[in-house]
Each structure stands twice: as C-alpha cells, then as structure tokens.
Amino acid sequence: MTNPDQTDQPDLVEHRMERTYEVAATPEQVWDAIATADGISAWMVPTRLDPQIGGEVSFDLGGFRSTGVVTDYTPNHRFAYEEPWPIADQPEDIPTEMVEWFKTIGVTLSEVYDDLASVTPIATEFLIESASGGSCVIRVVASAYGSGADWENEFFTEMVAGWGEILDNLATHFNEAA
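Calculation rules
- Along each chain, residue indices are assigned from 1 in the same order as the chain's sequence is written.
- Only residues with pLDDT of at least 70 get local features here, since the model is predicted, and only at 80 or more are side-chain atom pairs given and counted; chain-wide, interface and lining totals rely on the full set of residues.
- Heavy atoms from the whole structure form the basis of all side-chain values; hydrogens and water molecules are not counted.
- Accessible area is worked out with a 1.4 Å probe on protein chains only. A residue is then buried under 20% of its type maximum, exposed over 50%, and partly exposed in between.
- Numbered from the N terminus, helices here are DSSP runs of H or I no shorter than four residues, and strands are runs of E no shorter than two.
- Picture the helix axis, draw a direction to every C-beta atom, and the arc is the one those directions span.
- We call a set of buried Ala, Val, Leu, Ile, Met, Phe, Trp, Tyr and Cys residues a nonpolar core when their side-chain atoms join them within 4.5 Å.
- Note on definitions: a residue-residue contact is assigned when non-hydrogen atoms from the two residues lie within 4.5 Å.
- Strands pair, by our definition, only if DSSP identifies at least two bridges between them.
- An axis is simply a line fitted to the C-alpha atoms; with a helix, the fit covers only the stretch in contact. Between two such axes, the angle follows the N-to-C directions and lies from 0 to 180 degrees.

Just to check I follow, could you spell out helix α1 (residues 27-34) for this structure?
Count 3.6 residues to each turn of an α-helix, and residues three or four apart come out pointing the same way. Among all positions in α1, only Pro27, Val30, Trp31, Ala33 and Ile34 are buried. Taken down its axis, α1 places every buried residue within 165° of arc, on the same side.

Right, here's the structure in full:
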C-alpha cells in the first residue's frame, strides 16, 4: 500500500476501507474472479487488465474510465493496484457527474485542485487465504492518504459505500456458482 514519507507531509490523513469475505471456492477460482479482466468484468464493471506488475488496469465506470497500475500480481495470493483519484488533470476534462457532485457539496474545483497535490493514489489490494472445508477468505483493502479536506473525506466515504455493494457482488458471484 502506498505510504508517503510522513516527514515530507506530516499532516496527511489516512483513508482506509477493509472488508473480508469467506467464499466457497478454491484459491484458483478466486484468483480468476479478482485478477483477470473477464473475472472482474463478471462481478464488477467492464475491465481491461495487463496481468503483470507494472501493467495497466482500467475500469469502465460508464461516464469515465479509471486507469491504474498493477503493483503486485502474485497468482492465487495477492492482486494489488494503484489508481489516481478519479479527477482529471484539467478541470474541463472532469466528468459532468463529478462536477455536479462537487457543486452539491459546495466545493469549487479550484479547492479540489489545490488539495490534489497532497493526495496519494488510491491503493487497492485483494488477498486470498485458503480456509477449511474448501473455502477461501478474500480480504480487500483500499487506502489513500490526503489532506483531510471535507470533499476528500466525503468522496472516500461514498467510494467505500459503493465498494461495499460491489464487493457484495463478488461474494454473491461465488454463492451463485456453488
């Protein structure tokens, strides 16, 4: 997970989400679901993936595409990637939905861009652990560091709520296959 040097930016706030699921599946089955483009697309969103450390992972979120880099690809054990906060480099490239969201919480785009220099990429990792009875435990952790700005806290909170629903789809994916 990304952890910036705290001596450079001592006032950073950690944003963190962790969820654990036990599913009736082998490590190989879980790996296929969480670390292949077809597997991820089956329970999450259409995904492109270059399956190697340094490879690109890209999620089609409807109005925009979130693209990151694979940071660990250890088959049947750990899949991790980092992606920037889904805010475009140029204000005019921000998806309309995001612009509207910022307006609803009363934050100007200039405030967001001032804060972006202090946020780290959002790091996500999936860990697979064998369990008794032919099941596996999947642990998912997403984290980032930032300034603690209200918009940032609210964004991460909403992201975590959305992730909960998406990860529940992953657990359901295995229950339906059983």
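Help me understand the nonpolar core, please; the structure alone is not making it clear to me.
Note that soluble globular proteins tend to have their nonpolar side chains buried in a common cluster. In terms of nonpolar packing, the biggest core is built from 47 residues, with Val30, Phe79, Phe126, Trp163, Leu167 and Leu170 touching the most fellow members. If you tally residues by element for this core, the top one is helix α5 (residues 150-177), at nine residues. Beyond its immediate chain neighbours, meaning those up to four positions away, Phe126 contacts Ile34, Trp43, His77, Arg78, Phe79, Tyr81, Ile138, Arg139, Val140, Trp163, Leu167 and Leu170.

Would you explain the sheet that holds strand β2 (residues 47-49) in this entry?
Sheets are built from strands that pair by backbone hydrogen bonding, the pairs being arranged parallel or antiparallel. Reading across the sheet, the seven strands line up as β1-β7-β6-β5-β4-β3-β2 and stay open at both edges, with antiparallel pairing between neighbours. Since the sheet does not close on itself, it has two edges, and those belong to β1 (13-23) and β2, each with one partner. Across the sheet, the axes of successive neighbouring strands diverge by a mean angle of 20°, strand direction being ignored. Two elements, β1 and strand β7 (residues 136-146), share eleven bridges in a ladder whose sense is antiparallel. The partner of Glu18 across the bridge, within β7, is Val141. The strands touched by α1 are β1, β4 (65-74), β5 (78-83), β6 (122-130) and β7; relative to β6, the strand with the most contacts, the crossing angle is about 160°.

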